[in-house]
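Structural description and commentary
In case you want the letters, here they are:
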Amino acid sequence: MHVEAPELPKLVLRGTPKEIGLQHGYRLQEQIKSQLGIYEEMFEYTTKMDWPTVLKLAEEFRAPLERKTPSLYLEMQGIAEGAGVGILDIVALNCRSEISFGSFSDGCTSLSWKKNENARVLAQNWDWTTSVQKNLALMDIEISGKPRICMVTEAGIIGKIGFNSAGVGTCLNAIKARPCVSSKVPIHIALRLCLESTSVASALQTIASLGGVASSQHILIADSTTSLGLELSPLGDVHLKEDEDGFIMHTNHFIENKNVKEPSWIKGSPARLERAQQLAHELVNNGIKGDLITPSLLREQVFSDTCNAPQSICAQEDPSTHHTRRTSTLFNIVMNLDKQDLGAEVVVGQPGSGKESPVIKMPWM
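Residues numbered from 1 in each chain as written. Predicted model: local features only at pLDDT ≥ 70, side-chain atom pairs only at ≥ 80, totals over all residues. Heavy atoms only, no water.

In the nomenclature of an unreviewed UniProt entry, the protein chain corresponds to dna, SC005 from the organism Aspergillus oryzae.

Below, the structure is given as structure tokens:
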């Protein structure tokens, strides 16, 4: 089923953490309540947990968040207040990847490409349950003393995919693996901490100082001079470096991290990785480098690829699966991490499908 891509709300959030949360919650009240309903059904179907059980697990994350990341916790309190929902509802949204014990099936293909010594391009398709698309939002967040953040996120979630004014960007690939350790940092919080950092090195330092991440995930992080594929797990991390052509690519399985046991759940993941590598290296062989690496080129030549559909780089819905598990590409983002020319292009929907939104520039103001 092809639906035209929705127009996403654009939020400009300024002030203290609490004020930013209040504005977020108030503006996206409807979307946050819709998200809670979607995730309630998803938890019920995939993990057989009802919402009160989910909230009980959220409480295990709440106390460490309040202690370790007090300003982000204040922001979450603001969101809850602004949206008229409970703080545990908002904690549950921000810890959804952990509470589900890796039984949610996010897709995603991400790529980092070195343009030159002082610039990186960071891009990804974000694949997830189609019902969530209408609850996505674009945010431009500025808190005094921290870099300004531009990101695409789900209503109610404080950290996701985007970049900041210091030229640090993040992409995310979900990984299904146990265990999950609630005293460590949930992945969406880790993404936000990365986006509050001034460099890749300082982001790594922050996450390490808080004891590492709570669940297995891959964050592709870059600034203008460095890219790293962070294969993170509560039992130990592995960092992937750029290959000889300046690439790091990732899908939804660990490439080198052997610290955790992964069920082979997403059959399409290795095929997508191989396909992305093939397409990207073809571009290099065709002489594409430096300023020729543009968002439109990546959208057309890599991210709209439907080879091996429905589990393709541009993911298609699989009608044979339950609607809570039907994943497709909900947006594509290409970020130019170059201090002289910092910015991103986002299209909502499947790139190349003819149903995607017009290009949205970030920052849009």
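Concerning a negative patch on the surface
Put simply, the rule is: Each patch is built from residues that are more than 30% exposed by relative accessible area and take part in no salt bridge. Like charges join if they lie within 9 Å; nonpolar side chains (Val, Leu, Ile, Met, Phe, Trp, Tyr) join within 5 Å. All accessible-area figures derive from a Shrake-Rupley calculation using a 1.4 Å probe, and residue coverage is judged against the displayed protein chains alone. Any carboxyl oxygen of Asp or Glu within 4 Å of a side-chain nitrogen of Lys or Arg constitutes a salt bridge here. Only four residue types enter the tally: Lys and Arg on the positive side, Asp and Glu on the negative side, with His and both chain ends excluded. In this description, the location of a charge corresponds to atom NZ of lysine, CZ of arginine, CG of aspartate or CD of glutamate. Numbering of helices and strands starts at the N terminus; helices are DSSP runs of H or I of at least 4 residues and strands are runs of E of at least 2. Only protein chains enter the area calculation, which uses a 1.4 Å probe; residues under 20% of their type maximum are buried, those over 50% are exposed, and those in between are partly exposed.
Side chains of Glu40, Glu41, Glu44 and Asp50 sit close together on the surface and give a patch of like negative charge. Its location among the elements puts Glu41 in helix H2 (residues 29–47). With relative accessibility at 37%, the residue Glu41 sits in the partly exposed group.

What to know about the nonpolar core
Defined as follows: Residue types Ala, Val, Leu, Ile, Met, Phe, Trp, Tyr and Cys, when buried and joined through side-chain atoms within 4.5 Å, form a set referred to as a nonpolar core. Each domain's limits were defined by an automated method or a database of domain assignments. Throughout, a contact is declared for two residues whenever any of their heavy atoms are within 4.5 Å.
Counting 86 residues, the largest nonpolar core has Ile32, Ile99, Trp126, Ile219, Ile221 and Met335 as the members making the most contacts within it. Sorting elements by how many residues they give to this core places helix H7 (residues 187–195) first, with seven residues. Built from parts of two domains, this core gets at least three residues from each of domain 1 (10–100) and domain 2 (107–362). Beyond its immediate sequence surroundings of up to four residues, Trp126 is in contact with Arg96, Cys108, Val132, Leu136, Glu154, Lys160, Ile161, Ser328, Thr329, Leu330 and Phe331. Within the second largest apolar cluster, 19 residues are counted, among which are Met249, Leu283, Leu297 and Phe303.

Here we look at empty space enclosed by the protein
Remark: the empty space left among the atoms is shown by a probe the size of a water molecule rolled over them. This is how the line gets drawn: Here the term cavity refers to a set of points on a 1 Å grid, laid over the protein atoms alone, in which a 1.4 Å probe fits but cannot get out; the term pocket refers to an open set having protein on both sides within 12 Å along at least five of seven lines, with lining residues being those that place an atom within 4 Å of a point. Grid points are joined across faces, edges and corners, and a volume is the space filled by probe spheres set on the points. Side-chain classes follow a simple rule in which Ala, Val, Leu, Ile, Met, Phe, Trp, Tyr, Cys and Pro form the nonpolar group, Asp, Glu, Lys and Arg form the charged group, and the remainder, Gly included, forms the polar group.
A complete count under the given rule lists one cavity of 30 Å³ or more for this structure. Surrounding the largest cavity, Phe61, Pro64, Leu65, Lys68, Thr69, Ser182, Lys184, Val185 and Pro186 form its lining. Residues of the lining of the largest cavity, tallied by class, amount to five nonpolar, two polar and two charged. Counting only domains with at least three residues in the lining of the largest cavity, you end up with domain 1 (10–100) and domain 2 (107–362).

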